[in-house]
Amino acid sequence: MLAPERIPAIETQRLDKVYVSQSRDGKLSETHALSDINLRVAQGEFICIIGASGCGKSTLLRIIAGFETLSTGEMHVMGKTIAGPGPDRGMVFQDYALFPWLSVAQNIAYGPRQAGLPKAEIAELTERYLDMVGLQKFRNRYPHELSGGMKQRVAIARVLANDPAVILMDEPFGALDAITRNGLQESLLEIWEKARKTILFITHSVDEAVYLADRVIVLSPHPGRLKLEIPIDLPRPRDIASVDFNRLKRLMLDAIAPDIAVEAAAEAS
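Residue numbers here run from 1 along each chain, matching the order of that chain's written sequence. Reporting in this predicted model follows two pLDDT cut-offs: at least 70 for local features of residues, and 80 or more for side-chain atom pairs to be given and counted; totals over whole chains, interfaces and linings ignore these cut-offs and use all residues. Note that the side-chain values use all heavy atoms of the structure and ignore hydrogens as well as water.

For the rest of this paragraph, the subject is the sheet that holds strand β1 (residues 10–22). The 4 strands lie next to each other as β2-β1-β4-β5, forming an open sheet whose pairing is antiparallel. For this open sheet the edge positions go to β2 (28–41) and β5 (80–81), each flanked by a neighbour on one side alone. At least two bridges found by DSSP between two strands is the condition for calling them paired. In this description a helix means any DSSP run of H or I spanning at least four residues, a strand means any run of E spanning at least two, and both kinds are numbered starting from the N terminus.

Quick look at the structure:
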């Protein structure tokens, strides 16, 4: 049996996802969203997933989160078969999903409180993650009083306070302006280096993938298949103007370009 530190954080084997729908006249149709996904993610690894629209990136993340079930195959998180959502996985969405009636500190404390932790431990966790995301001065503000970047920091801190083994991030910076996005990328890497959580991060940005990831997974669409795995063997902090950075960026763009062209042609027809 593998030692705990050797057990993959995430492992899928021959994972398929098929959606079945029924038309008004009773006919059944199938949409094959994912096919034969074999993925192994080490503990503490930072993985980015990219691909053309319709390649099943978000579907895969939702299956790992336990929000959707796979059709065939196997899925394990920290060696355990997934039967639904659980505290071993935390999800960060693009739209923040904060509780608007709770302050910043109360949002962060929500998970530990629901878990029934002692008040002193809840307070300690809240302070730790307020510090980690740099929001001590905004602890009593409510979500509507925060910028988009601040809201996403709260969302990340709220997930961290639950101490999950895996953090799943579905285009968390996609709705933000470029300057805010760049700042949050830096902050996320600092948080990851401190917390050493496993992160699975979906993005449409090739630059973001090369900048953040230890390894990039490229999916092809209809159905989503694992097309390419690209190790990012660049030291951090990464120089986005370097020859090696742009070599990896070109490799990804070349892998995705044919799928984007097919999607564009299908939409035009």
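We are not done yet, so read on.
With that settled, consider the packing of helix α4 (residues 148–161) against helix α5 (residues 178–195). It is the contact of α4 with α5, at a shortest axis distance of 11 Å, that shows an interaxial angle of 15°. On the basis of the axis angle, α4 is roughly parallel to α5. Our pair here, α4 against α5, has a crossing hand that is right-handed. Taking contact as the criterion, the partners of Gly149, Gln152, Arg153, Ile156 and Leu160 in α4 are, on α5, Thr180, Leu184, Ser187, Leu188, Ile191 and Ala195. Tallied by class, the residues present in the contact of α4 with α5 amount to 6 nonpolar, 4 polar and 1 charged. Here an angle of 0 to 180 degrees is reported between the N-to-C directions of two axes, which are lines fitted to C-alpha atoms, with helices fitted over the stretch in contact. Should an angle fall under 35 degrees it is taken as roughly parallel, and over 145 as roughly antiparallel, whereas 65 to 115 is taken as roughly perpendicular and any remaining angle as oblique. By convention the crossing between two helices is left-handed if the near helix lies anticlockwise of the far one by an angle smaller than a right angle, and right-handed if it lies clockwise. Any pair of residues with heavy atoms lying within 4.5 Å of one another is described as a contacting pair. For this classification, Asp, Glu, Lys and Arg are treated as charged, while Ala, Val, Leu, Ile, Met, Phe, Trp, Tyr, Cys and Pro are nonpolar and the rest, including Gly, are polar.

Detailed reading of the predicted coordinates is not advisable wherever pLDDT is low. Confidence in the prediction for the protein chain averages 92 pLDDT; 96% of positions are at 70 or higher. Here helix α7 (residues 243–268) is the element of the protein chain with the lowest mean pLDDT, 86, and strand β8 (residues 198–202) is the one with the highest, 97. As a per-residue quantity, pLDDT reports the predictor's confidence and falls between 0 and 100.

Now for the packing of aromatic side chains. Two aromatic rings, drawn from Phe, Tyr or Trp (for Trp, its six-membered ring), form a pair once their centres lie within 6.5 Å of each other, and the interplanar angle then sorts them: stacked below 30 degrees, edge-to-face above 60, tilted otherwise. The tally for this structure, following the rule as stated, stands at 6 aromatic pairs. Look at phenylalanine 46 and tryptophan 192: their rings are 5.6 Å apart centre to centre, the planes differ by 80°, and that puts the pair in the edge-to-face class. Here phenylalanine 46 is found in strand β3 (residues 46–51), whereas its partner tryptophan 192 is found in helix α5, with 146 residues between them in sequence. Accessibility here uses a 1.4 Å probe with only protein chains present; expressed as a share of the type maximum, an area under 20% marks a residue as buried, one over 50% as exposed, and anything in between as partly exposed. Look at tryptophan 192 and you get buried, because its relative accessible area is 3%. Put simply, the rings of Phe46, Phe173, Trp192 and Phe201 touch in pairs and so form one group of aromatic residues. Whether a charge sits over a ring depends on NZ of Lys or CZ of Arg being within 6 Å of the ring centre and within 35 degrees of the ring normal. In this structure, arginine 158 packs its charged tip against the face of phenylalanine 99, placed 5.2 Å from the ring centre. Seen from the ring of tryptophan 192, arginine 196 lies directly overhead, with NZ or CZ sitting 4.3 Å from the centre.

Quick look at the packing of helix α2 (residues 104–114) against α4 now. Look at α2 against α4: their axes get within 7 Å of each other, and the N-to-C directions meet at 25°. In terms of orientation, α2 lies roughly parallel with respect to α4. Like other packed secondary-structure pairs, α2 and α4 cross with a definite hand, here right-handed. Within the contact between the two elements, α2 uses Val104, Asn107, Ile108 and Pro112 and α4 uses Val154, Ala157, Arg158 and Ala161.

This part takes up helix α3 (residues 119–132). When the terminal C-alpha atoms of α3 are compared, their 20 Å separation across 14 residues agrees well with the 20 Å that a helix rising 1.5 Å per residue should span. Each element contacted by the buried residues of α3 is listed here: α2, α4 and α5. Multiplying 1.5 Å by the helix residue count minus one yields the expected span of that helix.

Note on terminology: a nonpolar core comprises buried Ala, Val, Leu, Ile, Met, Phe, Trp, Tyr and Cys residues joined through side-chain atoms within 4.5 Å. Judged by nonpolar contacts, the single largest core of 50 residues is most densely connected at Phe46, Phe201, Val216 and Met252. If sequence neighbours within four positions are ignored, phenylalanine 201 has contacts with Phe46, Ile47, Cys48, Ile49, Met169, Pro172, Phe173, Leu188, Glu208 and Leu212.

By definition, the strands of a sheet pair up through backbone hydrogen bonds, in either a parallel or an antiparallel sense. Across the sheet, which stays open at both edges, the 6 strands sit in the order β6-β7-β8-β3-β9-β10 with mixed pairing between neighbours. Both edges of this open sheet fall to β6 (89–92) and β10 (225–231), since each of them pairs with a single strand only. On average, each strand axis in the sheet is inclined to that of its neighbour by 20°, with strand direction left out of account. As defined by bridge partners, strand β7 (residues 166–170) adjoins β8 across 5 bridges and the pair is classed as parallel. Across the sheet, aspartate 170 pairs through a bridge with isoleucine 202, a residue of β8. Where helix α1 (residues 57–65) meets the sheet, its contacts fall on β3, β6, β7, β8 and β9 (215–220), and the angle it forms with β7 comes to roughly 150°.

With respect to burial, β9 is a largely interior element, 6 of its 6 residues being buried. The sheet contact formed by β3 and β9 spans 5 bridges and is parallel. In the strand pairing of β9, cysteine 48 is matched with valine 216. Relative to β10, β9 is paired through 6 bridges, and the arrangement is antiparallel. Note that in β10 the partner of valine 218 across the bridge is leucine 228. The turn joining β9 and β10, which pair antiparallel and follow one another in sequence, is formed by 4 residues; a positive phi near 60° is taken by histidine 222.

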